[in-house]
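Here's the letter readout for the chains.
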Amino acid sequence: MAAPWSRAVLCGSRGWRGFSASASLSRRTAPLGPMPNEDIDVSNLERLEKYRSFDRYRRRAEQEARAPHWWRTYREYFEEKTDPRDRIDIGLPPPKVCQTQRLQERKRVLQELRSSVEEERAARLRTASVPLEAVRAEWERTCGPYHKQRVAEYYGLYRDLFRGATFVPRVPLHVAYTVGEEDLMPVYYGNEVTPAEAAQAPEVTYEADEGSMWTLLLTNLDGHLLEPDAEYVHWLVTNIPGNRVAEGQVTCPYLPPFPARGTGFHRIAFLLFRHDKPVDFSEDTRPSPCFQLAQRTFRTFDFYKKHQGAMTPAGLAFFQCRWDDSVTHTFHQLLDMREPVFEFVRTPPYHPKQKRFPHRQPLRYLDRYRDSHEPTYGIY
């Protein structure tokens, strides 16, 4: 009778050791510092300081977010830290602005609005109107170029065009396609334009000083069919005197975008370069009408590297484009080639080896291994 008792004792001791080991493994380690909001007394929330306005709360939240902490957020774990000062700026220098003069101008405008009886009455009756043209001009003059830069970085334009180098588009570039007889399709910063709407060369306007020279480039970052790191140049007009695009040299004639079917959205960018004197672009000249895709293979980085001593990127605008029926006409009639079609090939569903005795499996377990192709229903 001693053997069963000793066996029971041994089994019990083993179970006790296993429980203690699992408990020690699941024990949480002490934090490296104070936890967030640890100093707040949650037992008496009425004594806490009230912010009384959302702006005050937002400023306090931004201050706390910038303060150094011992913990790291989810994004800090997986995103690489990039210092904006480490990136190379290849754009135009920032304009010299007197902050004192700008503040005095703002104070003058505020005083005029407060002293105006008509503006006060319109604001009280909620009939005041804001001139959007003036607001847009002020945005273009102050923070607009930096907003455009952030949008371009979000879409990866600088990464794919200049391999990480960046610039602030300080020259507003206005691009619009003519649709029909009266309608216009503008190009902003990432809006969608169909290939049918971009069938003809657009109207491009910008402000330029007298005697300055410019170069306009239109390239497709995602459309190359053979080389993933190459582009297709759709339009290249060089040595433009001032803002008269029609008087520039057409180095590469315009070709409408042709995103292949099944490749999703393509990023198509307009780039405006400034140079003080005419530049020799004879090596970049394409024959007209240039319907051979091999001749339109292009790399913006190599193009800029070759002429970086003479020109500087100054303006930017881009749109997104995907396949429509006009792309078929472009491939067949203009490019004289078969239209490539990309389709997603789905892999067959994976099922593990069938068990002879499927213990604790759902009732429709055997439907996975049926020989027929009839559709099955249910969640596995």
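Whatever comes next refers back to the structure up there.
Now for a quick tour of the structure. (Residues numbered from 1 in each chain as written. Predicted model: local features only at pLDDT ≥ 70, side-chain atom pairs only at ≥ 80, totals over all residues. Heavy atoms only, no water.)

**Focus on unusual backbone geometry**
Here Ser288 and Pro289 are connected by a cis peptide whose omega angle stands at 5°. Among the structural elements, Pro289 can be located in the loop between β8 (266-275) and β9 (297-298). At Asp336, a residue that is not glycine, the phi angle is positive and equals roughly 55°. Positionally, Asp336 belongs in the segment after α10 (325-334). Residue classification places Asp336 among the exposed residues on the basis of a relative accessible area of 64%. (Helix = DSSP H or I, 4+ residues; strand = E, 2+ residues; numbered from the N terminus. Buried < 20%, exposed > 50% of the residue type's maximum accessible area, 1.4 Å probe, protein only.)

**Observations regarding a nonpolar patch on the surface**
Residues Ile40, Val42, Leu45 and Leu48 make up a contiguous nonpolar surface patch of roughly 350 Å² in combined accessible area. Tracing the chain through its elements places Val42 in the loop between α1 (2-25) and α2 (54-66). Given the relative accessible area of 65%, Val42 is considered exposed. (Patch = residues over 30% accessible without salt bridge, like charges linked within 9 Å, V, L, I, M, F, W, Y side chains within 5 Å. Areas by Shrake-Rupley, 256 points an atom, 1.4 Å probe, with all protein chains shown as cover. Salt bridge = Lys/Arg side-chain N within 4 Å of Asp/Glu carboxyl O.)

**Re the environment of Val193**
Mapped onto the elements, Val193 comes out in the loop between β3 (189-192) and β4 (203-205). Taking the C-alpha atoms as reference points, Val193 and Phe318, 125 residues apart in sequence, are found 9.8 Å from one another. In contact with Val193, other than residues within four places in its own chain, are Tyr177, Met185, Pro186, Val187, Ala198, Phe319, Gln320 and Cys321. (Contact = heavy atoms within 4.5 Å.)

**Let's talk about the nonpolar core**
Counting residues in hydrophobic clusters, the biggest one holds 51 residues, and the most contacted among them are Phe162, Tyr177, Tyr206 and Phe270. For this core, the secondary-structure elements that each account for two or more residues are α8 (157-161), β1 (174-179), β2 (183-187), β5 (213-220), β6 (231-241), β8, α9 (300-307) and β10 (312-321). Beyond its immediate chain neighbours, meaning those up to four positions away, Tyr206 contacts Val171, Pro172, Leu173, Trp214, Ile240, Gly242, Asn243, Val245 and Leu272. Formed by seven residues, the second largest nonpolar core is a distinct cluster that contains Tyr232, Leu255, Leu293 and Val327. (Core = buried A, V, L, I, M, F, W, Y, C linked by side-chain atoms within 4.5 Å.)

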